[in-house]
Amino acid sequence: MIAVLGALSEAWDEVRVHKSRVVLSLVGVFLAVFAMTSVTALGLIVAQVQQEGAERGSGRPATVAVNAYDPMTGMPPDAAEWDAAVAELVDRHGITTAATISYGEGLFRLPGGTQRLQTMRVSPAYGELHRKEPVEGRWLREGDRTSLSPALVVNEAFLELLGVPDLSSRPTVVLGGPTPVRATIVGVIREGYGSEPIVYRADRSGGPWDAPGAVDPATAMYAGPSTLELWVPPDQAEQVMEVVARDLGAALDVQVDTYRQDASGLEETLAMLRLAIRCAGIVVLVLGGLGVLNIGLVTVRQRIREIGVRRSFGATSGRIFSAVMLESVCATALAGVAAVGCSIVLVRNLPLEQLLNDGIPLADTPGFPVAAAVEGLVAATAVGALAGLLPALIAVRAKVIDAIRF
Amino acid sequence: MSLLSLSGISRRVDLPDGSVLPILTGVDLQLAAGEHVSIVGRSGSGKSTLLNILGLLDSPTEGEYLLDGEPTDHLRARRRSRLRGEVFGFVFQQFNLLPRRTAAENVAAPLLYARGRDFLRRRRTALEMLDRVGLGARADQVPERLSGGEQQRVAIARALVRSPRVVLADEPTGALDVETGAQVMALLAQATAENGAALVTITHDLSVAALAGRRFRLEGGRLSPLVESGALNAATADRGTA
């Protein structure tokens, strides 16, 4: 125990006495660990941004899309029958999240005049399935489906058309048509490109489109007037598609098409990204380690006389070895702690959502990865041990008599 | 029983051209506890080699070296190191203080290799030793700020800090002026006597050698008792060649 304390004390003394040299030798290791830890942590956040971005567009893994229509007429099934069949299906198979979306156009009375804008009628669960995170207000909820004033979630371009900067004035907009209705804007999302307005509306809310069959498939933009989306475990997606097509087809006597619509290959892409980041970190760390080794080799030759004197005090070979080695390990471990600390401060304080995600709050913001911090510390210590090995061997092999005379 | 006993000690070195260089030949020496012995000799006569063998820094090629009656030739490296730290204290001609460490840290350095209380109380013990050599007030000075005499006093304190049974001093006054050298030597003799340690001094200086109870002359690798008139001649000759 005393021997260990002595070796540590000796190593620490050496680090303390030769602060400038130690600090210089550690710049490389500090930067390497800092880079590796920061990049690993940032990599996780970038991966999360990528994942959430992909999920906003095409749903979470695995999202199974279902379209049903009469093969003769192309018309969708009766809405009430469809709702009942879907409810029964969801209940029977224990599917926790099922959402619908249909595309149509609506007349909006805006300050610049009435405009026909594309509108997406979605069920509230669509927000969960597509990670819709409003930057202001809220997403649609169940109560909106029975509201007499349709709830709208729009993007910032729409707000601009409406001439309001935010939701503080509780803006409303009149939906035109044969029976106009005043809709309430309940949330703002950051979505779309440039000045393209985007509008989401609760699928069963009051207004001109609430009558069954009101959506004309001829004006719908995609395959059918309404698409059902089911969030299922990825490993069961194939099985679900088969069962859903069979059950709904039999229940409604319609053609049912199913396909998996979430982004494929995302996991592989992210794994490649992480691997590339890790490889870059390792290369930087090796370069930093070479710097420590280089300075360690020069230093140990300058310390030969001191090593000889210590041998005359009774220092064993093992003690000399461990002191030189520990000096390197202590120093690099300290550099590792400093680097990880700086990395945590950096990653926690960078406006990452602004920089990486266009200001859209992440639904699941990853914390600073403990694994990256531990990895950084272990890597720094390991580099110190490896870089200290050669100087320690040289120190042990120095002949005491020659060392004293040196 | 002698504390140290050397019988027929020889040390030879193989040279790169295949020849053998004898450094010590048939050296016999006994040293009792608390005794003060001096060895004089010309440069290259083997004085430092003898000191290294005594201090377990080097091993003889032939002969028997007993420490406390125990042969040292079969000691493992680890045991030799431990004995070196526990039994011997070294004073070098060039002081060999650890650079950029304070006087107190230098004196405490050998206690890093001690055990138990000696290790844990090393700072306090070092300060006490510095007080004993009159440098208590300069404990926090680094060697670069100390005079030659002060540095050698720090080195003496360092040699004595583990209460060794033998102090081996290799030209302890060699880097000092005559007056400072005399003061340092007096201090070394006094401090070792107070500690009850034996003192082996290797020197060119006859006046330094004269402080010892027994004096030897090393010439051509052979150790012999110093005859005063011969010693004077040797010292004179050494000064002429130095």
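Chain B carries the name Putative ABC transport system ATP-binding protein in an unreviewed UniProt entry, which gives Blastococcus xanthinilyticus as its organism.

As annotated in an unreviewed UniProt entry, chain A carries the name Putative ABC transport system permease protein and is attributed to Blastococcus xanthinilyticus. The heading Subcellular location (unreviewed entry) in the UniProt record of chain A holds the text "Cell membrane".

Colleague: What exactly am I supposed to notice about the overall build of chain A here?
Modeller: When helices and strands are counted, chain A shows twelve helices and ten strands. Contacts spanning at least 24 positions in sequence make up 80% of the contacts within chain A whose residues lie at least 6 apart. If you sum the accessible surface of chain A, you get close to 19,100 Å²; carbon and sulfur atoms cover 61% of it. Across chain A, the centroid of the 33 positively charged side chains sits 17 Å from that of the 42 negatively charged ones.

Colleague: Explain helix α6 (residues 148-160) of chain B to me, please; I cannot follow it from the model alone.
Modeller: One turn of an α-helix holds 3.6 residues; hence residues three or four places apart share an orientation. Along its 13 residues, α6 of chain B runs 18 Å from first to last C-alpha, staying within 8% of the 18 Å computed at 1.5 Å per residue. Where burial is concerned, most of α6 of chain B is hidden: eleven out of the 13 residues are buried. Looking at α6 of chain B, one finds that the buried residues are Gly149, Glu150, Gln151, Gln152, Val154, Ala155, Ile156, Ala157, Arg158, Ala159 and Leu160 of chain B. The elements touched by buried residues of α6 of chain B are α8 (304-312) of chain A together with β6 (88-91), α3 (103-108), α5 (122-132), β7 (166-170) and α7 (178-195) of chain B.

Colleague: Quick question: what am I supposed to make of the pattern of salt bridges here?
Modeller: Close approach of charged atoms allows side chains of opposite charge to pair. Residue and element names in this part refer to chain B. Going through the model one piece at a time under the given rule, you end up with 21 salt bridges over all chains. Between Arg214 and Glu35 there is a salt bridge; the shortest N-O distance is 2.3 Å. With Arg214 in strand β9 (residues 214-219) and Glu35 in the loop between β2 (20-31) and β3 (36-41), the pair connects residues that are 179 residues apart, well separated along the chain. Judged by its relative accessible area of 29%, Arg214 is partly exposed. A relative accessible area of 19% means that Glu35 is categorised as buried.

Colleague: Even after reading the chapter, I still don't get the domain arrangement of chain A, so can you show me in this structure?
Modeller: Taken domain by domain, chain A comprises domain 1 (2-56 + 266-405) and domain 2 (60-260). Relative placement of domain 1 of chain A and domain 2 of chain A: their C-alpha centres are 53 Å apart.

Colleague: What's the story with the packing of helix α9 (residues 317-349) of chain A against helix α11 (residues 370-397) of chain A in this structure? I'm lost.
Modeller: Relative orientation and spacing of two packed helices are given, respectively, by the angle between their axes and the distance between those axes. Residues and elements named next belong to chain A. Between α9 and α11, whose axes approach to 7 Å, the crossing angle comes to 150 degrees. Classified by the angle between their axes, α9 and α11 sit roughly antiparallel to one another. Crossing angle aside, the handedness with which α9 passes α11 is right-handed.

Colleague: Just checking my understanding: could you explain the state of the cysteines for this structure?
Modeller: Here a disulfide denotes a covalent bond joining the sulfur atom of one cysteine to the sulfur atom of another. Scanning the model with the defined rule gives zero disulfides over all chains in all. Of all cysteine sulfurs in the structure, the one in Cys342 of chain A sits closest to Cys330 of chain A, which takes part in no disulfide; the separation is 19 Å.

Colleague: What is the right way to look at the interface of chain B and chain A in this model?
Modeller: How big an interface is tends to be stated in terms of accessible area lost as the parts join. Of the residues lining the interface, 30 residues belong to chain B; the matching set on chain A comes to 24 residues. Each partner contributes to the roughly 2,400 Å² buried at the junction of chain B and chain A, and carbon and sulfur atoms together form 58% of this total. In this assembly, chain B and chain A are joined by one salt bridge. Arg101 of chain B is the partner of Glu306 of chain A in a salt bridge, and the nearest nitrogen-oxygen pair spans 3.6 Å. Run the count over chain B and chain A and you get six residue pairs in polar contact (both at pLDDT 80 or more). Sorting the residues of the side of chain B that touches chain A by element identifies α1 (47-54), α2 (77-87) and α4 (116-120) of chain B as the ones contributing at least two each.

Colleague: Got a minute to help me understand helix α3 (residues 79-93) of chain A in this structure?
Modeller: Residue and element names in this part refer to chain A. An ideal rise of 1.5 Å per residue puts 21 Å on 15 residues; α3 measures up with 21 Å between its terminal C-alpha atoms. Looking at α3, one finds that the buried residues are Trp82, Ala85, Val86, Leu89 and Val90. Here the buried residues of α3 occupy an arc of 130 degrees about the axis, which is enough to place them on one side. For α3, the exposed residues set more than 90 degrees away from the buried face come down to Ala80 and Asp91. In this structure, the buried side of α3 is in contact with β1 (63-69), β2 (97-110), β9 (227-231) and α6 (237-252). Two residues or fewer after α3 comes Gly94, characterised by a positive phi angle close to 65 degrees.

Colleague: Is there a simple way to think about unusual backbone geometry in this case?
Modeller: Leaving glycine out, the prevailing phi sign among residues is negative, and the prevailing peptide bond configuration is trans. A cis amide bond links Pro61 of chain A to the next residue, Ala62 of chain A, at an omega of -5 degrees. Mapped onto the elements, Ala62 of chain A comes out in the loop between α2 (19-58) and β1. Of note, the phi angle at Asp253 of chain A is positive, near 55 degrees, even though the residue is not glycine. Positionally, Asp253 of chain A belongs in the loop between α6 and β10 (255-260). On the basis of relative accessibility, which here comes to 69%, the residue Asp253 of chain A falls in the exposed class. Even without a glycine there, the phi angle at Ser163 of chain B is positive, about 50 degrees.

Colleague: What exactly am I supposed to notice about the pairing of β1 of chain A here?
Modeller: Sheet faces and side chains relate simply in a regular strand, where the side chains alternate between the two faces. Residues and elements named next belong to chain A. Of all the seven residues making up β1, six are buried; the element is thus mostly covered by neighbouring parts of the structure. Pairing of β1 with β9 involves five bridges; the strand directions are antiparallel. Paired with Thr63 across the bridge in β9 is Trp231. Relative to β10, β1 runs antiparallel, the two sharing six bridges. If you follow Tyr69 over to β10, its bridge partner there is Gln255.

Colleague: Just checking my understanding: could you explain the packing of aromatic side chains for this structure?
Modeller: Each aromatic ring pair is described using two quantities: the centre-to-centre distance and the angle formed by the ring planes. The full count for this structure, using the stated rule, is five aromatic pairs over all chains. Their ring planes at 5 degrees and their centres at 6.0 Å tell us that Phe30 of chain A and Phe34 of chain A sit as a pair that is stacked. One end of the pair is Phe30 of chain A and the other is Phe34 of chain A, both in helix α2 and four residues apart, which spans about a single turn. Taking the relative accessible area as the measure of exposure, Phe30 of chain A reaches 23% and is therefore partly exposed. Each member of the aromatic cluster is reached from another via a ring pair, and the members are Tyr126, Trp139 and Tyr200 of chain A. A cation over an aromatic ring shows up here: Arg122 of chain B above the ring of Phe119 of chain B, its NZ or CZ 4.3 Å from the ring centre.

Colleague: For this particular structure, what's the right way to read the pairing of strand β7 (residues 181-189) of chain A?
Modeller: All names here are of chain A. Of all nine residues that make up β7, seven are buried, and the element is covered over most of its length. In the sheet, strand β4 (residues 136-137) pairs with β7 via two bridges, with the strands oriented antiparallel. Bridge pairing links Gly137 to Gly187 in β7. Pairing of strand β5 (residues 151-155) with β7 involves five bridges; the strand directions are parallel. Paired with Val153 across the bridge in β7 is Gly187. Note: strand β6 (residues 172-175) against β7, four bridges, orientation antiparallel.

So, how was this worked out
Residues numbered from 1 in each chain as written. Chains lettered and ligands numbered in written order. Predicted model: local features only at pLDDT ≥ 70, side-chain atom pairs only at ≥ 80, totals over all residues. Heavy atoms only, no water. UniProt positions renumbered as here; feature names shortened; annotations may be inferred. Helix = DSSP H or I, 4+ residues; strand = E, 2+ residues; numbered from the N terminus. Contact = heavy atoms within 4.5 Å. Areas by Shrake-Rupley, 256 points an atom, 1.4 Å probe, with all protein chains shown as cover. Lys, Arg positive; Asp, Glu negative; His and termini not counted. Charge placed at Lys NZ, Arg CZ, Asp CG, Glu CD. Expected span 1.5 Å × (residues − 1). Buried < 20%, exposed > 50% of the residue type's maximum accessible area, 1.4 Å probe, protein only. Salt bridge = Lys/Arg side-chain N within 4 Å of Asp/Glu carboxyl O. Domains from an automatic or database assignment. Axes fitted to C-alpha atoms, helices over the stretch in contact; angles between N-to-C directions. Parallel < 35°, antiparallel > 145°, perpendicular 65-115°, else oblique. Left-handed = near helix turned anticlockwise from the far one by under 90°. Disulfide = S-S within 2.5 Å. Buried area = accessible area lost by both parts, 1.4 Å probe. Polar contact = N/O pair within 3.5 Å; in protein donor to acceptor, adjacent residues only side chain to side chain. Arc of directions from axis to C-beta. Pairing = 2+ DSSP bridges. Phe/Tyr/Trp six-rings, centres within 6.5 Å; stacked < 30°, edge-to-face > 60°. Lys NZ or Arg CZ within 6 Å of the ring centre and 35° of its normal.

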